[in-house]
Amino acid sequence: MRKCMLSLLVILLLLAAYPVFGQELQVVATFTILEDFVKAVGGERVEVHALVGRGIDPHTWEPTPKDARLVAQADLVVANGAGFDQWLLDLLHNAAGSDTPIAFASERLSVSALSHSHHDEQNGHGGDPHFWLSVPNAISYVQQITEALVRLSPADSVYFMERSHAYMEKLAELDRWMQDQLGKIPKENRVIVTYHNAFSYLAERYDFEVAEFLVQNPEAEPSPRELARLVNLLKGREKRALFVEPQLSSGTRYMQTLAREIQGELYTLYSDSLTDLVPTYLDLMKYNTETLVEALK
Ligand SMILES: [Zn+2]
């Protein structure tokens, strides 16, 4: 009898030590790039879901009741922060009783002075929140996510840490390759003209001029003055390349007009969302690098 009680006690202790044994942690990410980072670290021990799906603009997302449910049921929510996915905070604020922990992937990074540019004087925006488009910043995101997962399930820490290190090595390799590839573009061609302010960290890291853009935030409409400014800037250049982002259809319209006016060429860059064509962050960065080299070399 006593032996029986003892084994029962051992079983109970084991169960207490491994509360998530046999079931994945439920993680919700605000958009697909964060979802990809969570998958890379969490592997099969995490089930992750992005609120804003592939190919959709996360800036203008309006959360649905289904999102509210997913967030309330999650073990962890991963957001970008820096004003990028502000709608999540409103959602959490409104979801009474939701005590789901949130990890802000950009927590250790500060908004670059370069990213402000002339636009802020007009509309008071807080600068570029697209930190992940520079690979060292993506590594910082992965560190934040790894720490959040380890805090959530210390029993899985070895598994998470191993996966995290292997992934960060891939990112470091990507960073070296990008420096090498983008280094082939002549210095005088290194400017990225795009619709919304997303590429300032990429510009900073890989030695481009501050990326020129039409609007600070894709919800804004460009002013005639801004259009005229970019026309003048591009007319003076040998390479008249403009970059559209497929998730921003209104922006594509303006960039097409601009391209017609200066006989420029349009190329695609990915910024805010993964798609079937670029299903992972590594794919997205490789695609953008190859496109920039093709357009500006
Ligand atoms: Zn964006």
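Since the structure is predicted, the reported quantities are computational estimates derived from the model, not experimental observations.

Visitor: Describe unusual backbone geometry, listing the residues and the values that go with them.
Guide: Even without a glycine there, the phi angle at Asp 207 is positive, about 65°. Structurally, Asp 207 can be placed in the loop between helix H8 (200-205) and strand E6 (212-215). You can call Asp 207 partly exposed: its relative accessible area is 39%. With phi around 50°, Gln 263 is a residue other than glycine that occupies positive phi space.

Visitor: Account for the coordination of the zinc ion, naming residues and giving values.
Guide: Protein coordination at the zinc ion: the donors are His 59 (NE2), His 130 (NE2), His 196 (NE2), Asp 272 (OD) and Asp 272 (OD), at 2.0 to 2.3 Å from the metal. Every donor residue of the zinc ion comes from the same chain, spaced as H-x70-H-x65-H-x75-D. In this pair, His 130 is assigned in the loop between helix H5 (119-123) and helix H6 (135-152) and His 196 in strand E5 (residues 193-196), connecting sequence segments 66 residues apart. His 196 gets classed as buried once you look at its relative accessible area, which sits at 0%.

Visitor: Could you give an account of the sheet that holds strand E2 (residues 46-52), naming the residues involved and the relevant values?
Guide: Strand order in the open sheet formed by four strands is E2-E1-E3-E4, and the pairing between neighbours is parallel. The open sheet has two free edges, formed respectively by E2 and strand E4 (102-104), since each of these has just one partner strand. Each strand axis lies, on average, 25° off the axis of its neighbour in the sheet, ignoring direction. Bridge count between strand E1 (residues 25-31) and strand E3 (residues 76-79): three bridges; the pairing is parallel. Considered in E3, the bridge of Val 27 is made with Leu 76.

Visitor: Residue-level account of the environment of Ala 228, with values.
Guide: Tracing the chain through its elements places Ala 228 in helix H9 (residues 224-235). Residue classification places Ala 228 among the partly exposed residues on the basis of a relative accessible area of 39%. Measuring from C-alpha to C-alpha, the distance between Ala 228 and Leu 258 comes to 9.1 Å, with 30 residues separating the pair along the chain.

Parameters at a glance
- Starting afresh in each chain, residues are numbered from 1 along the sequence in its written order.
- Confidence filtering applies because this is a predicted model: local features only for residues at pLDDT of at least 70, side-chain atom pairs given and counted only at 80 or more, and all residues used for totals across whole chains, interfaces and linings.
- Processing note: side-chain calculations cover all non-hydrogen atoms of the structure and skip hydrogens and water entirely.
- Strands here mean DSSP runs of E at least two residues long; helices mean DSSP runs of H or I at least four residues long; both are numbered from the N terminus.
- Burial classes follow relative accessibility: with a 1.4 Å probe on protein chains only, a residue under 20% of its type's maximum area counts as buried, one over 50% as exposed, and anything between as partly exposed.
- Nitrogen, oxygen and sulfur within 2.8 Å of a metal are treated as its donors, or within 3.2 Å for sodium, potassium and calcium (Na, K, Ca); water is not counted, so a site can appear incomplete.
- For two strands to pair, DSSP has to find at least two bridges joining them.
- Fitted lines through C-alpha atoms serve as axes, helices being fitted only where they are in contact, and the angles separating the N-to-C directions of these axes extend from 0 to 180 degrees.

Treat this as a map of the structure, not an account of what it does.
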